[in-house]
Amino acid sequence: MTAVATEAGDGTQERRREQRGWYFYDWAVSVFSTSVLTVFLGPYLTEVAKAAADADGFVHPLGLPVRAGSFFAYAVSASVLLSVLVMPLAAAVADRTGRKKPLLGASAYVGAAATCGMFFLGGDRYLLGGALLIVANVALAVSMVLYNAFLPQIAEPGERDAVSARGWAYGYAAGALVLLVNLALFLGHETLGVTESAAVRICLASAGVWWAVFALVPLLRLRDRPAAAHVPGGSRGGWRQLAGTLRDLRRYPLTLLFLVAYLLYNDGIQTVITQASVFGSEELGLGQTTLIAAVLLVQILAVAGALLMGRLAARYGAKRTILGSLVAWTLTVAAGYALPAGVPAWFFGLACGIGLVLGGSQALSRSLFSQLVPAGREAEYFALYEISDRGTSWLGPLLFGLAYQLTGSYRVAILSLVLFFALGFLLLWLVPVRKAAAAVGNTDPGRI
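Just so it is clear, the model here is predicted, and its values are computed rather than measured. (Residues numbered from 1 in each chain as written. Predicted model: local features only at pLDDT ≥ 70, side-chain atom pairs only at ≥ 80, totals over all residues. Heavy atoms only, no water.)

Draft legend 1. Quick look at the overall build of the protein chain. Counting secondary structure elements, the protein chain contains 18 helices and 2 strands. For a compact globule of 448 residues, the expected C-alpha radius of gyration is about 22 Å, and the protein chain comes in at 22 Å, within 12% of that figure. For the protein chain, the spread of C-alpha atoms along the principal axes amounts to about 75 × 45 × 40 Å. A sequence separation of at least 24 residues applies to 83% of the contacts in the protein chain between residues at least 6 apart. In the form shown here, the protein chain has an accessible surface area of approximately 18800 Å², with 66% of it arising from carbon and sulfur atoms. (Helix = DSSP H or I, 4+ residues; strand = E, 2+ residues; numbered from the N terminus. Rg over C-alpha atoms; globule rule 2.2 N^0.38 Å. Contact = heavy atoms within 4.5 Å. Areas by Shrake-Rupley, 256 points an atom, 1.4 Å probe, with all protein chains shown as cover.)

Here it is, written out as structure tokens:
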């Protein structure tokens, strides 16, 4: 009896050790999303492209005429499309071989190296910038599939909400910390004797260094498990396996229903994140400093929000907590419609509302989905999760853009996003989570 208890205790300690290591990949990689994609790279790469543009304002990647101001957006779109092609391949190899960790390490260090290379984006090297952005963003997408696929293996069903929430909290904490340091460097570059261009390039490269250094922690602590005895589609290529996964989803209609619900409300979340700065600058007339400060505020509050919602999930269940967060998202977006122009305090209030529900709704969605994935096929299903997320992320911006085009009002455009939260709420409410987990062969997760 004592030996059994000791073995169980050792297993718990090993699991906790892996979980602590797992958190640090969020800590490592979130800085890229915050400092590079959200704040610094877009404006800087656009200026680099403008420096290379012809008299009509066009650059010519691959011989195609592209307005310099559109180059960053097109590069991001290209990276998303390439991610959709690459993620199934990585997932197929991971599930077939059981070697998630080497693939995670490879994708992490390819992405970190590409990000470090952004230090050399001087002059008119817009093609270099676009190529590095595509490589880094694809590597990020692949690594997140593999990282998320570890969650069902390192956490028992009843603890996944808390583990996932802590991971997101680590990520937002790192994003806020590094962004704060980067902003200090950017705003004080003259005092430090550094040009503005050099300050931005240092900020970009620092995200790569951070990614590379802290990725070591999960790579040292996580361990691979043997592949399942039979992984359907394991001998097929990645795209054929993805097609098989989609066909297989017909056997698990409740998992599919959750996935559709997630796609809808997450698209609303992603659109709020990407379009809030446009709303703030164009509709409310706020300056760049105010907008960056609001991004920083969101990052800081998202840490507390993720941890708070993780605790709420332990008490009320992940599904109820996510449903509550969607109500909060709806109220926040509706409040945005009524914000007065030229008053930063109200915009900061909106940022507070976003920050408190942002991390938690994403973290609990990840842990809830992990309960609905067949054992041994984690990477395969999380590849579908990531592909669906990225592949439909144009729907929200499209609705936002159409609403503005038809009405000429960003207020109506931001209010139109309520549709995504309302439909996502309805579909998630219809998912019997405990029944869905049992349908894929998973144990009862307890309070859910």
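Draft legend 2. The arrangement of a nonpolar patch on the surface in detail. Residues Val327, Leu331, Phe425, Leu426, Trp429 and Leu430 make up a contiguous nonpolar surface patch of roughly 590 Å² in combined accessible area. Elements that contribute at least two residues to the nonpolar patch include exactly helix 12 (318-337) and helix 17 (418-429). If one sorts the elements of the nonpolar patch by residue count, helix 17 sits on top with 3 residues. With respect to the helices, strands and loops of the structure, Val327 is situated in helix 12. (Patch = residues over 30% accessible without salt bridge, like charges linked within 9 Å, V, L, I, M, F, W, Y side chains within 5 Å. Salt bridge = Lys/Arg side-chain N within 4 Å of Asp/Glu carboxyl O.)

Draft legend 3. Quick look at the packing of aromatic side chains. What the rule picks out here adds up to 25 aromatic pairs. With centroids separated by 4.4 Å and ring planes inclined at 15°, the aromatic side chains of Trp22 and Tyr147 adopt a geometry described as stacked. Taken together, the residues Trp22 in helix 1 (residues 2-52) and Tyr147 in helix 4 (residues 126-149) connect sequence positions 125 residues apart. Judged by relative accessible area, which is 0%, Trp22 ranks as buried. A relative accessible area of 0% means that Tyr147 is categorised as buried. Relative to Trp211, the ring of Phe32 lies with its centre 5.6 Å away and its plane at 45°, an arrangement referred to as tilted. Taken together, the residues span a long stretch of sequence, with Phe32 in helix 1 and Trp211 in helix 7 (residues 196-214) at a distance of 179 residues. (Phe/Tyr/Trp six-rings, centres within 6.5 Å; stacked < 30°, edge-to-face > 60°. Buried < 20%, exposed > 50% of the residue type's maximum accessible area, 1.4 Å probe, protein only.)

Draft legend 4. Structural detail: the environment of Trp329. Its place among the elements puts Trp329 in helix 12. With 25 residues separating them in the primary sequence, Trp329 and Ile354 have C-alpha atoms 7.2 Å apart. Setting aside its immediate chain neighbours within four residues, Trp329 contacts Ile269, Val272, Ile354, Val357, Leu358, Ser361 and Phe421.

Draft legend 5. Inspection of the pattern of salt bridges at higher detail. With the rule as written, the count across this model stands at 9 salt bridges. Here Glu18 and Arg223 are joined by a salt bridge, their closest N and O atoms 3.5 Å apart. Taken together, the residues Glu18 in helix 1 and Arg223 in the loop between helix 8 (216-221) and helix 9 (238-248) connect sequence positions 205 residues apart. Ionic pairing is found between Glu283 and Arg411, a salt bridge with its closest N-O pair at 3.3 Å. With Glu283 in helix 10 (residues 253-283) and Arg411 in helix 16 (residues 410-415), this pair connects stretches of sequence that are 128 residues apart. Linked by salt bridges that have partners in common, Glu14, Glu18, Arg223 and Arg225 make up one network.

Draft legend 6. Broad picture of the packing of helix 11 (residues 288-316) against helix 12. Direction vectors running N to C along helix 11 and helix 12 enclose 130°, while the axes themselves pass 7 Å from each other. As judged from the angle between their axes, helix 11 and helix 12 are oblique. For the crossing formed where helix 11 meets helix 12, the hand is right-handed. The residues of helix 12 that touch helix 11, namely those facing Met309, Leu312, Ala313 and Tyr316, are Ala318, Arg320, Thr321 and Ser325. (Axes fitted to C-alpha atoms, helices over the stretch in contact; angles between N-to-C directions. Parallel < 35°, antiparallel > 145°, perpendicular 65-115°, else oblique. Left-handed = near helix turned anticlockwise from the far one by under 90°.)

Draft legend 7. Examining empty space enclosed by the protein more closely. Going through the model one piece at a time under the given rule, you end up with 2 cavities of 30 Å³ or more. As for the largest cavity, its lining consists of Val272, Ala276, Phe279, Thr332, Val333, Gly336, Phe347, Leu350, Ile354 and Ile414. The residue makeup of the lining of the largest cavity, split by class, is 8 nonpolar, 2 polar and no charged. (1 Å grid on protein atoms, 1.4 Å probe; cavity = no way out; pocket = protein on both sides within 12 Å on 5 of 7 lines; lining within 4 Å. Points joined across faces, edges and corners; volume = space filled by probe spheres on them. Nonpolar A, V, L, I, M, F, W, Y, C, P; charged D, E, K, R; others polar.)

Draft legend 8. Structural detail: the side chain of Thr115. Here Thr115 lies in helix 3 (residues 100-116). The exposure class of Thr115 is buried, given its relative accessible area of 0%. Not counting chain neighbours up to four residues away, the residues in contact with Thr115 comprise Phe32, Val36, Ala136, Leu204, Ala205, Ala207, Gly208 and Trp211.

Draft legend 9. Examining the state of the cysteines more closely. Applying the stated criterion across every chain yields a total of 0 disulfides. Note on Cys116: no disulfide assigned, nearest cysteine sulfur contributed by Cys203 at a separation of 13 Å. Assessed through its relative accessible area of 27%, Cys116 is described here as partly exposed. (Disulfide = S-S within 2.5 Å.)

Draft legend 10. Broad picture of helix 2 (residues 71-97). Between its first and last C-alpha atoms helix 2 spans 39 Å; for 27 residues at 1.5 Å apiece the expected length is 39 Å, and the two agree. For helix 2, the principal kink sits at Val84 and spans about 30°; a proline, Pro88, occurs within the next four residues. Once helix 2 finishes, Gly98 follows within two positions and takes phi at roughly 75°, a positive value. (Expected span 1.5 Å × (residues − 1). Bend = angle between axes of the 7 residues up to and from the residue.)

Draft legend 11. Quick look at unusual backbone geometry. Positive phi, close to 55°, is recorded for Leu62, a residue that is not glycine. Relative to the assigned elements, Leu62 resides in the loop between strand 1 (58-59) and strand 2 (66-67). In this structure Leu62 comes out as exposed when scored by relative accessible area, which is 86%.

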